[in-house]
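Remarks on the overall topology
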There are 2 protein chains.
Amino acid sequence: LKALSAYQQLAERHARLSRLGYFHQLSEWDQRTHMPPAGAATKARAHSELASLLHGLATDPGLDDLLARTRDEALDDWQRANVQEIQRRRALSRELPAALVSRHQIAVGTCNAAWMPARRSNDWPAFAATLAPVVAVLREEALCQGEALGVSRYDALLQRWERGTTTARLRRLFAQVSGWLPEMVQHALARQRDEVVLVPTGPFPVAEQAALCQRIMFALGLDPASARLDVSPHPFVTSGSPQDVRLTNRYDEAALMPALRSLVHEAGHGSYRQGSPAEWAEQPLGEPASAAMDEGQALFFERHIGMRPAFSTWLAPQLGQAFGDQPAFDAENLARLALRVRPGKLRTAADELTYPAHVILRFEIERALIDGEIEVADIPAWWDEHMRRLLGIDTRGDFRDGPLQDMHWPDGGFGYFPSYLLGAMTAAQLAASAERDLGSLDGHIAQGDFAPITGWLGNQVWSQASRFEPDELLQRCTGSTLDPEFLRRHLAQRYLGRAPSTTPKAVNP
Amino acid sequence: LKALSAYQQLAERHARLSRLGYFHQLSEWDQRTHMPPAGAATKARAHSELASLLHGLATDPGLDDLLARTRDEALDDWQRANVQEIQRRRALSRELPAALVSRHQIAVGTCNAAWMPARRSNDWPAFAATLAPVVAVLREEALCQGEALGVSRYDALLQRWERGTTTARLRRLFAQVSGWLPEMVQHALARQRDEVVLVPTGPFPVAEQAALCQRIMFALGLDPASARLDVSPHPFVTSGSPQDVRLTNRYDEAALMPALRSLVHEAGHGSYRQGSPAEWAEQPLGEPASAAMDEGQALFFERHIGMRPAFSTWLAPQLGQAFGDQPAFDAENLARLALRVRPGKLRTAADELTYPAHVILRFEIERALIDGEIEVADIPAWWDEHMRRLLGIDTRGDFRDGPLQDMHWPDGGFGYFPSYLLGAMTAAQLAASAERDLGSLDGHIAQGDFAPITGWLGNQVWSQASRFEPDELLQRCTGSTLDPEFLRRHLAQRYLGRAPSTTPKAVNP
C-alpha cells in the first residue's frame with residue numbers, strides 16, 4: 001500500500017465535506033418543495049446539527065499541516081487551483097467560532113419561518129424583529145473574517161460569492177451602468193409607447209404549464225435521467241452532483257409567461273451544474289467559478305436565448321398546442337412582450353432595462369446595513385427613497401412588494417445581490433463572444449437547436465468550473481475581463497435599435 | 001450553570017444521532033420518490049459517508065461510562081426504559097466493525113440498483129450475483145452480534161426488529177397458524193366458489209386516484225400540516241418526527257382497489273408515527289415498540305377498518321363521485337371483493353387468508369440462508385417447493401413474481417418478514433380489545449368517523465411508543481401476550497361466518 005500524498009488526503013477531506021454537504025442541499029431543497037409545514041422544527045434542528053459537524057470538519061487544525069505539505073508536492077494545474085481554493089475557504093471558515101455557526105442556524109431558521117407569513121400580511125415589524133438577529137450574526141461573521149483579511153465587513157461577505165471582489169470595484173462597475181441606463185430606459189419607454197402588445201389570457205392549468213416547462217428544459221439540453229423539475233414558492237436550482245440537478249419553478253393559473261421566463265433562467269443554472277466536470281464534483285474546483293458566473297449562465301439563457309425573437313418563433317406553436325390558439329401567441333407579439341419595459345416594484349418580474357436598479361438598491365442597503373451605517377428599522381425608508389429616485393415608483397407602506405419580496409436576507413445571503421448585475425454583464429459579454437465564434441444564434445434558436453450554443457458554453461465555461469478566477473475565465477473566452485460595455489451595447493441594440501459600435505476582439509479559445 | 005447528569009448527556013448523544021439520522025431517512029425517501037435516476041451514485045457515496053459517521057458516534061467508548069453512571073441516578077420509568085434501549089442498541093452496534101458498516105452500504109447500494117432492472121427482465125442470475133455479497137455481509141454482522149449475545153446468526157438479526165424474539169418462538173407461533181389455516185383456506189374457497197364479484201373497470205386516472213387516496217388518509221386522521229403522500233414503486237412510510245410523516249403509494253391506471261388497500265395500510269403506519277410522543281422524538285423510546293407492533297397498526301387499518309363491509313359503505317359513494325358510477329362500486333360488491341380469497345404469487349397482493357403462507361415461506365428461506373444452510377443459488381428451488389406445498393402454485397421460472405418481488409433482501413432487511421405475521425396476530429388481538437372497549441366499530445366506520453378507533457389506538461399503543469416490550473404492551477391493552485388465537489377467531493368469523501367461541505377478557509387499560 002502506497003501512502004497517500006498530502007494532496008490526496010486533503011482532497012479526501014474535502015470529498016467527505018462534500019458528501020455530507022449533499023444532505024444539507026437535499027434537505028433545503030425538500031424544505032422548499034415537499035416538506036409538510038409542521039416538519040420545519042425537526043428540520044431546523046437537523047440542519048443545525050449538521051452545520052456544526054461540517055464546521056468542525058472544515059476547521060480541523062490538521063488541515064493546515066496538509067495544506068503546508070502540498071507545497072512540496074508535484075501537482076497539475078487543476079490540483080494546484082483546488083488547493084488554493086481549499087486554502088481560501090479554510091482561511092474564511094477558521095475565523096468563525098462554532099458558537100456563531102449555531103447562532104447563524106437559529107437566526108436564519110427563525111427569520112425564514114417568519115418571512116412568508118409576514119410577507120402575506122405585509123407585516124414589516126414582525127419580520128424586522130427576526131431579521132435583526134440575522135444581521136447581528138452576519139455582522140459578527142463579517143467582522144471576524146474582515147479583520148483576518150484586512151477588509152471591511154461587507155467586503156468580507158462578498159468573498160462568499162465573488163472571490164477577490166470589493167465594494168470599490170462594484171461601485172465602479174455599477175456607476176458605469178448608472179451613467180447610461182436611465183436615459184436608455186426613457187428612450188425605450190418612448191419607443192414602446194405606441195406599441196400594441198397582447199398579454200396571453202388564461203387560465204393556464206398548472207399541470208399543463210409544468211409539463212410544458214419540463215419539455216422546454218429538456219429541449220434546452222438538461223438530461224431527463226439527471227434532472228427534474230419541482231414546484232417551490234421561489235424558483236431555484238440545487239444539485240448534489242452533475243448527475244442530480246433539480247430545478248424548481250412557480251406557476252400562476254392566470255399568467256403563463258412569468259413561469260416560462262423563470263424556467264429558462266433556472267435551466268441556465270442547471271446546465272452549468274450538469275456541464276461541470278464530474279470527476280471534480282466533490283472538490284471546490286468543481287463548483288461554479290462565482291455567483292456572477294452562475295447568474296451569468298442563467299441570464300445568458302433567459303436574455304440571450306429566451307428573450308430573442310427567434311425563441312418566440314420556436315415557442316409560439318408549442319403554446320398554441322398546449323393551451324389552444326389565441327392572438328397573443330403570435331410569435332411577433334410574444335417577441336414584443338418579452339422586451340416590454342415597465343418600471344415596477346418586483347425584482348424577479350422586472351424587465352431587463354430596469355433590473356439593474358433593483359440590484360443597485362439592494363446593494364446600497366445591505367452594504368450600509370452590514371457595515372453598521374444603518375439598522376434594520378431604517379430599511380423601509382431607504383427602500384422608498386431609492387425606488388423613487390431610481391425608478392420613480394412610490395412604494396411607501398407596501399412592504400410585501402418592497403423589502404419583504406426576496407428570500408436572500410432571511411436566508412442570511414447578504415452580499416449576493418450584486419452578483420445578479422455582474423451576471424447580466426457576464427451574460428452579455430459571453431453572448432457577444434458566442435456570436436463571434438458561432439455567427440448569429442438566431443437560426444439555431446428558431447429551430448430549437450440549442451446544442452451549438454450550449455456546446456459553446458459547455459466548452460468555454462461549464463467544463464472549466466472554478467479552475468480560473470472569474471476575470472481570468474472571462475479573459476480566456478471573451479478576450480477581456482468583465483466589461484459593462486458589452487451590456488450597454490447589447491441593451492442599446494435590443495432596445496434602441498442601434499448596431500453595436502464595436503465588435504469584440506477575436507481571441508483564441 | 002448546573003452540570004448535566006449522565007442521563008442528560010446520554011440523551012443528548014442519542015438526540016444527536018437522531019438529528020443526523022434524519023438526513024438518512026429523508027435521503028432514502030428521496031431515493032424512492034423523486035431522485036433523478038442518474039443521481040444514485042452520488043447518493044450512495046453520501047449514504048456511506050453518513051453511515052460511517054453515525055456508526056462512529058454510536059460506538060464511541062464514552063457511552064459506556066455514561067451508561068454506567070446512569071445506574072446511580074434517579075430516573076423515571078420512561079427515562080429508565082430509554083436507558084435500557086440505548087444500552088441494548090449499544091451492545092449490538094459495538095459488535096460491528098467499521099469496515100463491515102462500509103461493506104454493508106456498498107453491497108446494499110449495488111444490490112438495490114440491480115434489483116429493479118433484474119426484476120423487469122426476470123433475470124435471477126444478474127440479481128443473485130449482487131445479493132450474494134449482501135448475504136455475506138449480513139452473515140458476518142449476524143455472527144459478530146450473535147456471538148456476543150450467545151444466539152444463532154438469524155436470531156441475532158431478529159433483534160433488529162423484534163427485541164427478545166427467537167426463531168424458536170416464531171416457529172411455535174407460526175406452527176399454530178399452519179395448524180388451522182390450510183383447512184380454513186379450503187373452506188373459504190368453497191364458500192366463495194359461487195359468489196358473484198365485480199372488479200371495478202378502469203381506466204382510473206392516476207391523478208384522480210392520488211387525490212382520492214389523499215382525502216382518505218386525511219379522513220383516517222393524518223394531519224395535512226404534518227403528513228404528505230408521494231409516489232414510489234413500493235409503498236412505504238418514513239418520518240423525520242411526529243410532525244413530518246410521509247406516506248407513499250403506487251398507482252395502476254387499470255386497477256383501483258390495490259392502491260386504496262395500500263393507502264389504508266400505510267395510513268396505519270403513518271398514524272403510529274404521528275401519534276407517538278413528540279417529546280421523545282429524538283430518543284429510541286419514541287420509536288415503534290417493534291416491527292410487529294408497527295405492522296400491527298398498518299394491518300389494523302387495512303384489515304380491521306378497510307376490509308370491513310362498513311368501510312365499503314363509506315367508500316362506495318366516494319368512488320362513484322371520483323370515477324363515475326359503475327355496478328362494481330355497489331357497497332356490497334366492494335365488501336365481497338375486499339374479502340375475496342385467491343392464492344397467488346405476490347405477497348403484497350395476497351388476501352388475508354393466504355398471506356401467512358407468503359411470510360412463512362420467506363422466513364424459512366432467509367433463516368436457512370443467514371444460518372448458512374443454503375446459498376443464494378438455492379433460493380429459487382426453495383421458493384418453488386414452498387409455493388407449491390403451501391399454496392399449490394407452480395412458480396418455476398418466474399423470478400419476477402417470485403424471489404425478485406420484494407425489496408427487503410436487496411435492502412439488507414433480513415429478519416423483517418416474520419414481523420408481518422406477528423403484526424397480523426397483533427392487529428387481530430388489538431381489534432378484539434377495541435371492540436370490547438368501544439362496542440362494534442362498524443357504526444363509526446360506516447359514517448367515516450374514525451376518531452373513536454384511532455383515539456383508542458393512540459391511547460393504548462401509539463402514545464406508549466417503545467416504553468414497554470411488545471408483549472408487555474399487548475398484555476396491558478388486551479389482557480394477554482401475543483396469542484394467535486385472536487387471529488384464528490377473527491378469520492373464522494370473517495371467512496367461515498362462525499361467531500368467536502370466546503370473548504377476550506376485560507382488563508383495565
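So, about the confidence of the model for chain A. Residues and elements named next belong to chain A. Scored by pLDDT, chain A has a mean of 95; 98% of the residues are at 70 or more. This stretch, residues 500-509, has a pLDDT under 50; its non-local contacts, to residues over four places away or in other chains, come to 21 contacts. Across the interface, the model reports ipTM at 0.92; the global pTM reads 0.93.

Turning to the interface of chain A and chain B, a few remarks are in order. How large an interface is tends to be reported as the accessible area lost when its parts come together. Contact residues are listed per partner, giving 35 residues for chain A and 35 residues for chain B. Ranking the residues of chain A by area buried against chain B places Phe23, Pro36 and Glu49 of chain A at the top, with a combined share of 20%. Here chain A and chain B share eight salt bridges between them. For the side of chain A that touches chain B, the leading source of residues is helix H1 (residues 6-33) of chain A, giving nine residues. Counted by class, the side of chain A that touches chain B contains 15 nonpolar, nine polar and eleven charged residues.

All names here are of chain B. Among the five residues that make up strand E1 (residues 227-231), four are buried, leaving the element largely enclosed by the rest of the structure. Of the strand pairs in this sheet, E1 and strand E3 (residues 244-249) are connected by five bridges, and their pairing is parallel. Pairing of Arg228 across the sheet is with Arg246, part of E3.

Moving on to the relation of the copies chain A and chain B. Least-squares fitting of chain A to chain B yields an RMSD of 0.0 Å, with the transformation described by 0.0 Å of translation along the axis and a rotation of 180°. Read as a symmetry element, the transformation amounts to a two-fold axis. Considering only C-alpha atoms, the part of chain A nearest the rotation axis is Phe23 of chain A, at 3.0 Å. In this assembly, 100% of the residues forming the interface of chain A have copies in chain B that are likewise at the interface, indicating an isologous arrangement.

Residue and element names in this part refer to chain B. Taking 1.5 Å per residue as the helical rise, helix H4 (residues 77-93) with its 17 residues ought to reach 24 Å, and the 24 Å between its terminal C-alpha atoms agrees with that figure. Taken together, the buried positions of H4 are Trp78, Ala81, Asn82, Val83, Glu85, Ile86, Arg90, Leu92 and Ser93. A side-chain oxygen of the first residue of H4 lies 3.1 Å from the backbone nitrogen of Trp78; this N-cap is Asp76.

All names here are of chain A. Scanning all chains against the criterion turns up 39 aromatic pairs over all chains. Aromatic side chains Trp161 and Tyr416 sit 5.0 Å apart centroid to centroid with 80° between the ring planes, which places their arrangement in the edge-to-face category. Placement of Trp161 in the loop between helix H7 (153-158) and helix H8 (167-192) and of Tyr416 in the loop between helix H15 (379-391) and helix H16 (418-438) is noted, with a sequence separation of 255 residues between them. What makes Tyr416 buried here is its relative accessible area of 13%. What links up through ring pairs into an aromatic cluster is the set Trp161, Tyr355, Trp383, Trp409, Phe414, Tyr416, Phe417 and Tyr420.

Residues and elements named next belong to chain A. Position of Ala278 relative to the elements: it lies in the loop between helix H10 (257-274) and helix H11 (291-306). For Ala278, a relative accessible area of 43% gives the class partly exposed. With 36 residues separating them along the chain, Ala278 and Pro242 place their C-alpha atoms 6.1 Å apart. When sequence neighbours within four positions are dropped, the list of residues in contact with Ala278 reads Pro242 and Gln243.

Within the largest apolar cluster, 125 residues are counted, with the highest numbers of intra-cluster contacts made by Leu131, Ile216, Phe300 and Phe414 of chain B. Counting residues in each nonpolar core, the second largest holds 124 residues, with Val177, Val185, Leu334 and Phe468 of chain A among its members.

A word on the environment of Phe174 of chain B. Residues and elements named next belong to chain B. Position of Phe174 relative to the elements: it lies in helix H8 (residues 167-192). Sequence-wise, Phe174 and Thr354 are 180 residues apart; in three dimensions their C-alpha atoms are separated by 13 Å. In this structure, Phe174 is in contact with Ile360, Phe363, Pro418, Leu421, Leu422 and Met425, ignoring residues within four places of it in sequence.

All names here are of chain A. The strand order E1-E3-E2 describes an open sheet built from three strands, whose pairing is mixed. In this open sheet, the two strands that pair with only one neighbour each are strand E1 (227-231) and strand E2 (237-241). On average, adjacent strands in this sheet sit at an angle of 20° to one another, irrespective of strand direction. Strand contacts of helix H9 (residues 206-219): E1 and strand E3 (244-249), with the helix running at about 150° to E1, the strand carrying the most contacts.

So, how was this worked out
- Residues numbered from 1 in each chain as written.
- Chains lettered and ligands numbered in written order.
- Predicted model: local features only at pLDDT ≥ 70, side-chain atom pairs only at ≥ 80, totals over all residues.
- Heavy atoms only, no water.
- pLDDT = per-residue confidence, 0-100.
- Contact = heavy atoms within 4.5 Å.
- Buried area = accessible area lost by both parts, 1.4 Å probe.
- Salt bridge = Lys/Arg side-chain N within 4 Å of Asp/Glu carboxyl O.
- Helix = DSSP H or I, 4+ residues; strand = E, 2+ residues; numbered from the N terminus.
- Nonpolar A, V, L, I, M, F, W, Y, C, P; charged D, E, K, R; others polar.
- Buried < 20%, exposed > 50% of the residue type's maximum accessible area, 1.4 Å probe, protein only.
- Pairing = 2+ DSSP bridges.
- Least-squares fit on C-alpha atoms with pLDDT ≥ 70 in both.
- Expected span 1.5 Å × (residues − 1).
- Polar contact = N/O pair within 3.5 Å; in protein donor to acceptor, adjacent residues only side chain to side chain.
- Phe/Tyr/Trp six-rings, centres within 6.5 Å; stacked < 30°, edge-to-face > 60°.
- Core = buried A, V, L, I, M, F, W, Y, C linked by side-chain atoms within 4.5 Å.
- Axes fitted to C-alpha atoms, helices over the stretch in contact; angles between N-to-C directions.

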